[in-house]
Amino acid sequence: MTTLKLYNSLTRAKEDFAPIDPTDVRMYVCGPTVYDRAHIGNARPVIIFDLLFRLLRQTYGEDAVTYVRNITDVDDKINARAAERGITIRELTEATAAGFHQDVADLGCLSPTHEPRATDYICRGADELDMIKVVERLIAGGHAYAADGHVLFDVASMPAYGKLARRSLDEMEAGARVEVASYKKGPMDFVLWKPSKEGEPAWESPWGQGRPGWHLECSAMSAALLGEVFDIHGGGIDLIFPHHENEIAQSTCCFGHDRMANVWMHNGFLQVEGEKMAKSAGNFVTIREILNDWPGDVARLAMYSAHYRQPINWTLKSLQEAERTLAGWFEAAASEADARPAPGVVEALADDLNTPKMIAEIHRLKSEGGRKALAGTLKFLGFRPEVFADWRAANAPELAISEAEIERLIDARLAARREKNFAEADRIRDEFWRRASC
Ligand code: AMP
Ligand code: ZN
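As the structure is a computational prediction, the values presented were derived from the model and not from experiment.

S.K.: Would you mind showing me how to read the overall build of the protein chain here?
M.R.: For the protein chain, the helix and strand inventory stands at 16 helices and 13 strands. Projecting the C-alpha coordinates of the protein chain onto the three principal axes gives extents of approximately 70 × 50 × 45 Å. Here the protein chain, with 438 residues, has 53% of them falling under the buried criterion. Within the protein chain, counting contacts between residues at least 6 apart in sequence, those at least 24 apart form 76% of the total.

Here you go:
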C-alpha cells in the first residue's frame, strides 16, 4: 500500500499518515455558513476534501472512512440577511442549504457521511454531547467564565493557545486593536455563548436565552460524530486563526487531550482572473454561475490544476483548458473500466494530494494507450462522461456534427439506456466522441 503523506499545518511538515483506527478513518471539514449562494472559492475545500475522501476510501475501504462537513445555520450574517429579505431565518437557511447541496452534487462531489447542522447540536438529550455541555465542562474546568449574559473562553488558562497559528498570546494581545468589551478578562478571550436580543434566534441555557459563538459548533459536532480526537481536520487557510485555533482550545480543554485532530489541512485561497474575489470588485462568482456555463467535471478538473496549498487563479482560460483536456480523456478511455485507478495516479495523490502530478499521470496513461486504466482512473475521480457528453452536445458550437445528428444520437442513446441496453448506449457514446472530435 502506498504510504499517504499529508502536510500538517500544525507541525508545518509533510508527514506519513497513520490513522488512529484504520477501520474507521475520521475527517472533519468546516462547511458553509448558509446565508447566500456559495461562491467558487467555497467550492475549493469541497472539491479538495472530496478528493481526499475518495483517496481514503480507496486506501482503507469504502466503509472505513467517516467524513463530516457541517452546515453553519446560526450566525449574525444569517439573521441580517433574513431580515433584509423579509423571510424567516429557517426559510433562508433551508433554501440556501438546498442550493448548496444542488451545487456540490452538480460538481460531482460525493456526499459526506454526516452533514450536521449547528442548530441541531445546541441542546440535545441528557446523554448526548451538545454545545451547552461543552460550555458547562469548560466552566467547570476553569477554562471559561460567565459574565454579563455571555460566556467567554479564558485563553490565559491554556498555555498552548496560539500553537496552530504560531502566535504567542503576548503578541496577539499587543496587536489586539479591537475595543475590548468590559466583560472580558483578556482581550483575546472569545465568545462561547452570547445573549440574544428581541427577534434574534435564542435557546435556553444556564446563562440565559442566547446563542452559541461560531467556533463552538465544530468542537461539539466533531466530538459527537467522530470522537474527542480524530484523524484529519480541514478547511480554508483563512480559518487557521481564529476559528481553528479556538476549536482546538475548546476541544482540548473540554475533553482533556493534548490534541483535537492529528492532522490539520488547509487549502489556499482562490482568486478570480488574478484578483481577490469581492462583490465590490464585480468579480464575485457563485458556483451556480459557473455551472450554468460549464459541466461540473470541468470546474472540478480546473480546481485540480493547482496544488491545494497554493493559491489558485480561477480563469476562463483554465476552464476552457480543462474542458479540452476532459474531452480528450473521455475520448481515449475505454467503455470498460479497470476496477482501480492507475497506481501512478494514486501515488501522485498520496503525495499530499499532488493534483498537478495526477493530471500529468493521466496524460501519460492516455498517451500510452492505457484505455481501461484511464477509464478506471476517471471513474475513481468521479468524472461523468454522460453528463459531459450531454453538455457538449448542447453547448459546443465547434462540433463537427450537425445539431440534428446530435439529437438523433442522444435520443438513440437514451432509448438504449431505457431498455437497459448499456452496451449499445456505450457504443453510441463512443460513436459520438469519434465524430465529435473530428
Ligand atoms: P465560509 O462560508 O466563508 O465560512 O467558508 C466556507 C469554506 O470556504 C471555508 O473552508 C473557507 O475557508 C473557504 N473559502 C472561503 N473563501 C475562499 C476562497 N476565496 N478561496 C478558497 N477557500 C475559500
Ligand atoms: Zn469549524
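Once you've had a look at it, read on.
S.K.: Would you take a moment to explain the environment of Tyr7 for this structure?
M.R.: The residue Tyr7 is located in strand E1 (residues 5-8) in this model. A relative accessible area of 18% means that Tyr7 is categorised as buried. Counting along the chain gives 259 residues from Tyr7 to His266, while the straight-line C-alpha distance between them is 8.9 Å. Not counting the four nearest positions on each side in its chain, Tyr7 is found in contact with Arg12, Ala13, Lys14, Val263, Trp264, Met265, Tyr308, Arg309 and Asp352.

S.K.: In this structure, what is going on with the coordination of the zinc ion (ligand 2)? I would like to understand it.
M.R.: Tetrahedral coordination by four donors puts the ideal angle at the metal at 109.5 degrees, and octahedral coordination by six puts it at 90 or 180 degrees. At 2.0 to 2.2 Å from the zinc ion (ligand 2) lie its protein donor atoms, namely Cys30 (SG), Cys218 (SG), His243 (NE2) and Glu247 (OE). Every donor counted, the 4 donor atoms about the zinc ion (ligand 2) form angles of 80 to 127° at the centre, which fits irregular coordination.

S.K.: Just to check I follow, could you spell out the site of ligand 1 for this structure?
M.R.: With respect to spatial proximity, 16 residues lie near ligand 1, and among them Gly41, Asn42, Gly236, Asp238 and Leu270 are the closest. The backbone of Thr33 places a nitrogen or oxygen atom 3.2 Å from an oxygen atom of ligand 1. Leu270 is positioned such that a nitrogen or oxygen atom in its backbone is 2.9 Å from a nitrogen atom of ligand 1. Here ligand 1, which alone exposes 490 Å², has 85% of that area covered by the protein. Within the residue set of the shell around ligand 1, elements represented by two or more residues are helix H1 (40-60) and strand E9 (230-236). Of the residues in the shell around ligand 1, the class split is 6 nonpolar, 9 polar and 1 charged.

S.K.: Quick question: what am I supposed to make of the packing of aromatic side chains here?
M.R.: By convention here, two paired aromatic rings are described through the distance between centres and the angle between planes. Here the structure, examined in full by the defined rule, presents 8 aromatic pairs. Aromatic rings pair up to connect Trp294, Phe330, Phe388 and Trp391 into one cluster. When the ring centre of Tyr145 is taken as reference, the NZ or CZ atom of Lys185 above it lies at 4.5 Å. Here the basic side chain of Lys279 rests over the ring of Phe284, its NZ or CZ set 4.4 Å away from the ring centre.

S.K.: Help me understand the packing of helix H12 (residues 355-367) against helix H13 (residues 371-380), please; the structure alone is not making it clear to me.
M.R.: Pairs of packed helices are described in terms of their axes, by the angle between the two and the distance that separates them. It is the contact of H12 with H13, at a shortest axis distance of 8 Å, that shows an interaxial angle of 150°. Relative to H13, the element H12 is oriented roughly antiparallel. H12 and H13 meet at a crossing whose hand is left-handed. Here Ile362, Leu365 and Lys366 of H12 lie close against H13, whose contacting residues are Ala373, Leu374, Thr377 and Leu378. A per-class count over the contact of H12 with H13 returns 5 nonpolar, 1 polar and 1 charged.

S.K.: Explain unusual backbone geometry to me, please; I cannot follow it from the model alone.
M.R.: Excluding glycine, most residues fall at negative phi; most peptide bonds, likewise, are trans. The residue after Phe241, namely Pro242, is reached through a cis peptide bond having omega 5°. Here Pro242 shows up in helix H7 (residues 240-255). In this model, Leu353 sits at a positive phi of 50°, which is unusual for a non-glycine residue. With respect to the helices, strands and loops of the structure, Leu353 is situated in the loop between helix H11 (343-350) and H12. With phi around 60°, Lys420 is a residue other than glycine that occupies positive phi space. By the element assignment, Lys420 lies in the loop between helix H15 (403-418) and helix H16 (422-436).

S.K.: Would you take a moment to explain the sheet that holds strand E10 (residues 261-267) for this structure?
M.R.: Read from one edge to the other, the open sheet built from 4 strands follows the order E4-E3-E9-E10, with strand pairing classed as parallel. With partners counted over all chains shown, the strands left at the sheet margins are strand E4 (65-69) and E10, one partner each. For this sheet the average axis-to-axis angle between neighbouring strands, irrespective of direction, equals 20°. The pairing of E9 with E10 spans 6 bridges and is classified as parallel. Counted as the bridge partner of Gly236 is Asn267 from E10. Against the sheet, helix H6 (residues 216-226) makes contact with strand E3 (25-29), E4 and E9, and its axis sits at roughly 160° relative to E3, the strand it touches most.

S.K.: What is the right way to look at the sheet that holds strand E8 (residues 210-212) in this model?
M.R.: Think of a sheet as strands paired side by side through backbone hydrogen bonds, with each pair either parallel or antiparallel. Strand order in the open sheet formed by 4 strands is E5-E6-E7-E8, and the pairing between neighbours is antiparallel. Of all the strands in the sheet, just strand E5 (144-147) and E8 have a single pairing partner and so form its edges. Pairwise comparison of adjacent strand axes, ignoring direction, gives a mean angle of 20° for this sheet. Bridge count for E5 against strand E6 (residues 150-153) is 4 bridges, and the pairing is antiparallel.

S.K.: Sorry if this is basic, but what is going on with the nonpolar core here?
M.R.: Ile40, Leu56 and Trp314 are the most contacted members of the largest nonpolar core, which totals 76 residues. Counting residues per element, this core draws most heavily on H1, at 12 residues. Formed by 47 residues, the second largest nonpolar core is a distinct cluster that contains Tyr28, Cys30, Tyr161 and Ala223.

S.K.: Where do I start with the pairing of E1 in this structure?
M.R.: Put simply, side chains in a regular strand alternate between the two faces of the sheet. The pairing of E1 with strand E2 (residues 13-16) spans 4 bridges and is classified as antiparallel. Within E2, the position partnered with Lys5 by the bridge is Asp16. Between the antiparallel neighbours E1 and E2 lie 4 residues, among them Arg12 with a positive phi of about 55°.

S.K.: Whenever I open this one, the packing of helix H9 (residues 296-303) against helix H10 (residues 316-332) confuses me. Can you help?
M.R.: Interhelical geometry of H9 versus H10 gives an angle of 110° and a closest axis separation of 8 Å. Here H10 runs roughly perpendicular to H9, going by the angle between their axes. When H9 is examined against H10, the residues Asp297, Val298, Ala299, Leu301 and Ala302 are found in contact with a partner set consisting of Ser318, Leu319, Ala322, Glu323, Thr325, Leu326, Trp329 and Phe330. Among the residues making up the contact of H9 with H10, the classes are represented as 9 nonpolar, 2 polar and 2 charged.

Rules and cut-offs
Residues numbered from 1 in each chain as written. Chains lettered and ligands numbered in written order. Predicted model: local features only at pLDDT ≥ 70, side-chain atom pairs only at ≥ 80, totals over all residues. Heavy atoms only, no water. Helix = DSSP H or I, 4+ residues; strand = E, 2+ residues; numbered from the N terminus. Buried < 20%, exposed > 50% of the residue type's maximum accessible area, 1.4 Å probe, protein only. Contact = heavy atoms within 4.5 Å. Donors = N, O, S within 2.8 Å, 3.2 Å for Na, K, Ca; no water. Tetrahedral: all angles 85-135°; square planar, octahedral: opposite > 155°, others 65-115°. Near = heavy atom within 4 Å. Polar contact = N/O pair within 3.5 Å; in protein donor to acceptor, adjacent residues only side chain to side chain. Areas by Shrake-Rupley, 256 points an atom, 1.4 Å probe, with all protein chains shown as cover. Nonpolar A, V, L, I, M, F, W, Y, C, P; charged D, E, K, R; others polar. Phe/Tyr/Trp six-rings, centres within 6.5 Å; stacked < 30°, edge-to-face > 60°. Lys NZ or Arg CZ within 6 Å of the ring centre and 35° of its normal. Axes fitted to C-alpha atoms, helices over the stretch in contact; angles between N-to-C directions. Parallel < 35°, antiparallel > 145°, perpendicular 65-115°, else oblique. Left-handed = near helix turned anticlockwise from the far one by under 90°. Pairing = 2+ DSSP bridges. Core = buried A, V, L, I, M, F, W, Y, C linked by side-chain atoms within 4.5 Å.

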